[in-house]
Amino acid sequence: MDERSSLQGRASARDWAKFGLLYLNDGVVGDKRILHEDWVDFCAAATLDTDYGAGFFTNRSEHDYAKGRGIPRDAFFASGTLGQRIVILPSQHMEVVRLGDSVDPTGDIRGLGRLVKEAIAATER
């Protein structure tokens, strides 16, 4: 696999991580606000009775999908082709970038839950 990949765009894992950090840090880079102060909360909030916000899937919902992912309830994530994801975990002050391909039709959402749990556990050691 090429070092560059796609979440509906082409960028390196490092570049996707920078994008995730922008959202993890509530739209602020260094001491400069890049996004409107309400934008990240708007993106992470569920639309109607779904598990989707403005461009992100969210666990901040009572939808069955949000409850069954096995990742923290404050998490939200961008999802791309073949299970590529950027998961933002505010309560952990962490993000997880996954660029591997998945042949699972769900994009291996259960595997994503395991990956996030293992990343959290690794930081608690």
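Residues numbered from 1 in each chain as written. Predicted model: local features only at pLDDT ≥ 70, side-chain atom pairs only at ≥ 80, totals over all residues. Heavy atoms only, no water.

Over its 15 residues, helix α4 (residues 109–123) extends 22 Å from the first C-alpha to the last, a length consistent with the 21 Å expected when each residue adds 1.5 Å. Turning to α4, its buried residues number three or more, namely Gly111, Leu112, Gly113, Val116 and Ile120. (Helix = DSSP H or I, 4+ residues; strand = E, 2+ residues; numbered from the N terminus. Expected span 1.5 Å × (residues − 1). Buried < 20%, exposed > 50% of the residue type's maximum accessible area, 1.4 Å probe, protein only.)

Let us look at helix α1 (residues 13–24). Look at α1: 16 Å from first C-alpha to last across twelve residues, which is about the 16 Å you get at 1.5 Å a residue. Turning to α1, its buried residues number three or more, namely Trp16, Gly20, Leu22, Tyr23 and Leu24. Aspartate 26 occupies a position one or two residues after α1 and carries a positive phi of about 55°.

Turning our eyes to something else, we now look at the pairing of strand β7 (residues 85–89). The side chains of a regular strand alternate between both faces of the sheet. Among the five residues in β7, five count as buried, and that is most of the element. Neither face of β7 is left uncovered, since the one carrying Arg85, Val87 and Leu89 and the one carrying Ile86 and Ile88 both have all their residues buried. Two elements, strand β6 (residues 76–79) and β7, share four bridges in a ladder whose sense is antiparallel. Across the sheet, the residue bridging to phenylalanine 77 is valine 87, located in β7. In this structure, the hairpin formed by β6 and β7 is closed by a connection of five residues, where leucine 82 is found at a positive phi of approximately 60°. Inspection of the sheet shows β7 paired to strand β8 (residues 94–98) by five bridges, in the antiparallel sense. When the sheet's bridge partners are listed, valine 87 is paired in β8 with valine 96. (Pairing = 2+ DSSP bridges.)

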